[in-house]
Amino acid sequence: MKNISAQTLHSHVVAMILKANKIIRDDVLEAFKNAQAKESTPVAKEIFRQLLENAEYAATSGLPLCQDTGLAVFFVEYGEDVRIEGGSLHDVLTKATIEAYDKGFLRKSACNPFTRKNTGDNTPAMIHTDLVPGETLRIRYMAKGGGSENMSRATMLTPSQGWKGIRDFVVQRMAEAGPNPCPPTIVGVGVGGTFDMAPILAKQALFRPIPVSHPDPEIAAREQELTEAINALGVGPMGLGGNTTCLAVKMEVMPCHIASLPVAVNVQCHSSRHGEVIL
Amino acid sequence: MATYHLKTPLAKEDLAQLQSGDIVLLSGIIYSARDAAHKRMVDALDKDESLPFDIKGAAIYYMGPAPAPTGYAIGSAGPTTSYRMDAYAPRLYGLGLGATIGKGRRNPEVRDAMQTHVGVYLGATGGAGALISRCIKSAEVIAYEDLGAEAVRRLTVEDFPLLVINDAHGGELYVTPTLS
């Protein structure tokens, strides 16, 4: 049994949230530079110049990269031999969210869906927990903004629609999303599972660093095919035209019912903000 | 493609000269409002109450800022996606609104209203909220304070860099996706 103090965990999670919102990830920075070099129009190059300058200013000023610091989404792998001393996992993540969003000058974007009244502290956090063997606690955090989340969709295809159906659904979705989700996007695709599982796979896919393809070469090839098809749309940075509509497609797959083909697209804006704590 | 230095309030002749693709460096007073504030403004109009600011020639920025740390006029302050305000925008253009500022595509009703009433839609760079905050020299909540980030703010901006997405003549800058 491994004991982790709630206070230690709290500090790590607060630091993770603050860093994710203020410091651009290295893989995103590299992807911007690579994409800028591949663009030919002045306007597409200019958008990347602004995004690079924005990242530099966020780092030096301490302001968040984007005012939409999102809902706080956590994916937790909770080792069965881990014990958190002095608090529950749920309470630690909730209190860390409240503290980070308050002290870090991050926007509180959570509200009642009917009255639209802001909850005031960016809670509830969206917490997904898997119990896993062992004594490791792995917590991944994502700041998920509303603009790109609104462009996300899930559907239940029929098995006969197959890969072509999946491909058409994903590409059509990104065509319809157009300039809205702050392209160039990272496109998370979840295929399989049940109605609820496909969007979770799609969201989990967004944690994978931009240059890392799926370890299964067959799925990696499908990611590449979707990336090329989405970039052939020509939507470009901010929808102003160009070669980079998405920076990458990340796909996660699991078996599904013999009657079903669930597919979900979780769109991530270019401001892909996430982090990880492993204790 | 031309570059214009414009000041608010925006005169009809300022707006009419703009073509989609032009660059605007906007200075003066603009007002931030997004979903919840628009609902309240339109509710106010329905009750024959006045809007929290003079709409004639005004520019509304679809934006809800992050909180300002000490020493900053405002926190990160980039645009939100504009289509959510499409339900409200035609009525406001009809009352003399000069420009809306945001990101993402507008619907045909908004584009028609801009042509009918000589208004424009200007695009700011989404996800560049930290950078954009440097153009905002002061910010003051003037209405609906209980809405927090969604309250209406009076912002003083200097050379806020914007692209004309939709002009008053039916022009549209956004690319139509090529579906093979």
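Anything mentioned here points back to the structure above.
I will try to describe carefully the structure that is included in this document. (Residues numbered from 1 in each chain as written. Chains lettered and ligands numbered in written order. Predicted model: local features only at pLDDT ≥ 70, side-chain atom pairs only at ≥ 80, totals over all residues. Heavy atoms only, no water.)

## What about the pairing of strand S3 (residues 82-85) of chain A?
Regular strands place side chains that alternate from one sheet face to the opposite one.
All names here are of chain A.
Part 1 of the reasoning: By the alternation rule, side chains of S3 split into Val 82 and Ile 84, which are all buried, and Arg 83 and Glu 85, of which none is buried.
Part 2 of the reasoning: As defined by bridge partners, strand S1 (residues 2-5) adjoins S3 across 4 bridges and the pair is classed as parallel. Considered in S3, the bridge of Ser 5 is made with Glu 85. (Buried < 20%, exposed > 50% of the residue type's maximum accessible area, 1.4 Å probe, protein only. Helix = DSSP H or I, 4+ residues; strand = E, 2+ residues; numbered from the N terminus. Pairing = 2+ DSSP bridges.)

## Section: the nonpolar core
Part 1 of the reasoning: In terms of nonpolar packing, the biggest core is built from 85 residues, with B:Leu26, B:Ile30, B:Ile60, B:Tyr61, B:Ile101 and B:Phe160 touching the most fellow members.
Part 2 of the reasoning: With 8 residues, strand S7 (residues 152-166) of chain B is the largest single contributor of residues to this core.
Part 3 of the reasoning: Viewed by domain, this core spans two of them, domain 1 (2-20 + 65-144) and domain 2 (147-272) of chain A, each represented by three or more residues.
Part 4 of the reasoning: What B:Phe160 contacts, discounting residues up to four positions off in sequence, is B:Val24, B:Leu25, B:Leu26, B:Ile30, B:Tyr61, B:Ile101, B:Ala124, B:Ile132 and B:Cys135.
Part 5 of the reasoning: Formed by 28 residues, the second largest nonpolar core is a distinct cluster that contains A:Ala72, A:Tyr78, A:Leu106 and A:Ala143. (Core = buried A, V, L, I, M, F, W, Y, C linked by side-chain atoms within 4.5 Å. Domains from an automatic or database assignment. Contact = heavy atoms within 4.5 Å.)

## Let's talk about the sheet that holds strand S6 (residues 153-157) of chain A
Residues and elements named next belong to chain A.
Part 1 of the reasoning: If you trace the 4 strands from one edge of the open sheet to the other, you get S6-S9-S7-S8, paired in mixed fashion. Every interior strand has two partners, whereas the edge strands, S6 and strand S8 (246-256), have only one. Direction aside, neighbouring strands of the sheet carry axes that sit 15° apart on average.
Part 2 of the reasoning: Strand direction decides the pairing type here: S6 and strand S9 (residues 261-268), joined by 5 bridges, are antiparallel. Each bridged residue has a counterpart across the sheet, and for Arg 153 the counterpart in S9 is Val 265.
Part 3 of the reasoning: On top of the sheet, helix H6 (residues 162-177) reaches S6, strand S7 (185-193), S8 and S9; it is set at about 25° to S9, its chief contact. (Axes fitted to C-alpha atoms, helices over the stretch in contact; angles between N-to-C directions.)

## What about helix H3 (residues 42-61) of chain A?
Residues and elements named next belong to chain A.
Part 1 of the reasoning: With 20 residues, H3 extends 28 Å between its outermost C-alpha atoms, agreeing within 8% with the 28 Å of an ideal straight helix rising 1.5 Å per residue.
Part 2 of the reasoning: Turning to H3, its buried residues number three or more, namely Ala 44, Ile 47, Phe 48, Gln 50, Leu 51, Leu 52, Asn 54, Ala 55, Tyr 57, Ala 58 and Ser 61.
Part 3 of the reasoning: Two residues or fewer past H3, Gly 62 is found with a positive phi of approximately 85°. (Expected span 1.5 Å × (residues − 1).)

## Quick word on the pattern of salt bridges
A side chain with one charge may pair with a side chain of the opposite charge, provided their charged atoms come close.
Residues and elements named next belong to chain A.
Part 1 of the reasoning: Across all of its chains, the model carries 26 salt bridges over all chains by this definition.
Part 2 of the reasoning: Ionic pairing is found between Arg 49 and Glu 53, a salt bridge with its closest N-O pair at 2.7 Å. Remark: Glu 53 and Arg 49 occur in helix H3; sequence separation between them is 4 residues, near one turn of the helix.
Part 3 of the reasoning: The exposure class of Arg 49 is partly exposed, given its relative accessible area of 38%.
Part 4 of the reasoning: With a shortest N-O distance of 2.9 Å, Glu 223 and Arg 208 are connected by a salt bridge. Of this pair, Glu 223 sits in helix H8 (residues 217-231) while Arg 208 sits in the loop between helix H7 (197-205) and H8, and the two are 15 residues apart along the sequence.
Part 5 of the reasoning: Residue Arg 208 is classed as buried on the basis of its relative accessible area, which comes to 11%. (Salt bridge = Lys/Arg side-chain N within 4 Å of Asp/Glu carboxyl O.)

## Things to note about empty space enclosed by the protein
Part 1 of the reasoning: Applying the stated criterion across every chain yields a total of 5 cavities of 30 Å³ or more.
Part 2 of the reasoning: Estimates place the volume of the largest cavity at around 150 Å³.
Part 3 of the reasoning: Taken together, 18 residues make up the lining of the largest cavity; nearest its centre are A:Cys66, A:Asp68, A:Gly147, A:Cys182 and B:Lys103.
Part 4 of the reasoning: Partitioned by chemical class, the residues of the lining of the largest cavity number 5 nonpolar, 8 polar and 5 charged.
Part 5 of the reasoning: Mapping the lining of the largest cavity onto the domain boundaries places at least three of its residues in each of domain 1 (2-20 + 65-144) and domain 2 (147-272) of chain A.
Part 6 of the reasoning: Every residue lining the second largest cavity is listed: A:Ile24, A:Phe32, A:Leu51, A:Asn54, A:Ala55, A:Leu65, A:His270, A:Ser271 and B:Gly127.
Part 7 of the reasoning: Per element, the largest residue contribution to the lining of the second largest cavity is 3 residues, and it comes from H3(A).
Part 8 of the reasoning: In the lining of the second largest cavity, the residues fall into 5 nonpolar, 4 polar and no charged. (1 Å grid on protein atoms, 1.4 Å probe; cavity = no way out; pocket = protein on both sides within 12 Å on 5 of 7 lines; lining within 4 Å. Points joined across faces, edges and corners; volume = space filled by probe spheres on them. Nonpolar A, V, L, I, M, F, W, Y, C, P; charged D, E, K, R; others polar.)

## Describing the interface of chain A and chain B
Part 1 of the reasoning: Contact with chain A, which involves 36 residues of that partner, is made by 38 residues of chain B.
Part 2 of the reasoning: Interface of chain A and chain B: buried area, both sides summed, is about 3100 Å²; carbon and sulfur atoms make up 61% of it.
Part 3 of the reasoning: Across the contact surface, chain A and chain B share 1 salt bridge.
Part 4 of the reasoning: In this structure, A:Glu53 engages B:Arg134 in a salt bridge whose closest nitrogen and oxygen atoms are separated by 2.7 Å.
Part 5 of the reasoning: On inspection of chain A and its partner chain B, the count reaches 15 residue pairs in polar contact (both at pLDDT 80 or more).
Part 6 of the reasoning: At 9 residues, the largest contribution of residues to the side of chain A that touches chain B is made by H3(A).
Part 7 of the reasoning: Across the side of chain A that touches chain B, the residue classes tally to 21 nonpolar, 12 polar and 3 charged. (Buried area = accessible area lost by both parts, 1.4 Å probe. Polar contact = N/O pair within 3.5 Å; in protein donor to acceptor, adjacent residues only side chain to side chain.)

## A short note on the packing of aromatic side chains
Residue and element names in this part refer to chain A.
Part 1 of the reasoning: Overall, the coordinates contain 5 aromatic pairs over all chains when judged by the stated rule.
Part 2 of the reasoning: Between Phe 32 and Phe 48, the ring centres sit 5.9 Å apart and the planes meet at 55°, which makes this aromatic pair tilted. With Phe 32 in helix H2 (residues 26-38) and Phe 48 in helix H3, this pair connects stretches of sequence that are 16 residues apart.
Part 3 of the reasoning: Residue class for Phe 48 comes out buried when judged on its relative accessible area of 0%.
Part 4 of the reasoning: Ring centres of Phe 75 and Phe 207 lie 5.6 Å apart, and the angle between their planes is 85°; on these two criteria the pair is classed as edge-to-face. A residue pair is termed long-range when its members are at least 10 positions apart, and Phe 75 in strand S2 (residues 71-79) and Phe 207 in the loop between H7 and H8 qualify at 132 residues. Of the two residues, Phe 75 and Phe 207, neither departs from the other in class, the shared state being buried. (Phe/Tyr/Trp six-rings, centres within 6.5 Å; stacked < 30°, edge-to-face > 60°.)

## Observations concerning the environment of B:Tyr88
All names here are of chain B.
Part 1 of the reasoning: With respect to the helices and strands, Tyr 88 occurs in the loop between strand S3 (59-61) and helix H3 (89-94).
Part 2 of the reasoning: Through-space distance from the C-alpha of Tyr 88 to that of Met 1 is 30 Å; in sequence the pair is 87 residues apart.
Part 3 of the reasoning: Filtering out sequence-adjacent residues up to four positions away, Tyr 88 remains in contact with Asp 35, His 38, Lys 39 and Val 42.

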